[in-house]
Structure formats: structure tokens, C-alpha cells
Amino acid sequence: YVLVANTGATATSVRVTLYFDTGISAQQTFTVASSARLNVDVRAEFPTAAGRAFATIVESLDAAPIVVERAMY
């Protein structure tokens, strides 16, 4: 899981990009409500990532303040 918290007073859009060791990437955009948290289930949202190593970049598209963490269960 990639957990994204929006600490701002307005909703924001975030782009989550996965970079694979093959040079291919996958990305999706999500909306995070104000003062809320979004849990991105990588397995469900990026099925091509199953069983593969990847790097993750999370960007705020509106320059809103966000906090990002990774959770593994």
C-alpha cells in the first residue's frame, strides 16, 4: 500500500508512478480530500506490478502539502 495524507484545507490530485527495472512505468491519478488520507492498494490499482520490483514516486499535482508512506502487510 501507498498511503497519502493531504494536510491541506482543499482537495488535491496526486499522481502515483511506478517505475519497473525494465524501463517501463505505470501511473494513475487520484484525488485526496482535504485533511484526509488515501490508501492506494498497489496490487489492485496496478495489477502489472504483481511479483515485480519497482520504485514509486508520488507527486502532488496542485502543489498541496502531502505526506506519503509505504505499508506492507
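Residues numbered from 1 in each chain as written. Predicted model: local features only at pLDDT ≥ 70, side-chain atom pairs only at ≥ 80, totals over all residues. Heavy atoms only, no water.

(A) Seen up close, the sheet that holds strand β4 (residues 36–40). Sheet architecture is open: three strands sit in the order β4-β1-β6, paired in antiparallel fashion. Each edge of the open sheet is held by one strand with a lone partner, namely β4 and β6 (66–70). Here the average twist between neighbouring strands, direction ignored, is 15°. With five bridges connecting them, strand β1 (residues 2–6) and β4 associate as antiparallel partners. Counterpart to leucine 3 in the pairing with β4 is asparagine 39. (Pairing = 2+ DSSP bridges. Helix = DSSP H or I, 4+ residues; strand = E, 2+ residues; numbered from the N terminus. Axes fitted to C-alpha atoms, helices over the stretch in contact; angles between N-to-C directions.)

(B) The pattern of salt bridges, seen in detail. Taken as a whole and judged by the stated rule, the model has one salt bridge. Arginine 15 serves as the salt-bridge partner of glutamate 59, at 3.1 Å between the closest nitrogen and oxygen. Here the residue glutamate 59 occupies a position in strand β5 (residues 54–60), and arginine 15 occupies one in strand β2 (residues 12–20), the gap between them amounting to 44 residues. With relative accessibility at 31%, the residue glutamate 59 sits in the partly exposed group. Given the relative accessible area of 25%, arginine 15 is considered partly exposed. (Salt bridge = Lys/Arg side-chain N within 4 Å of Asp/Glu carboxyl O. Buried < 20%, exposed > 50% of the residue type's maximum accessible area, 1.4 Å probe, protein only.)

So far we have only geometry, and geometry alone does not tell us how the molecule works.
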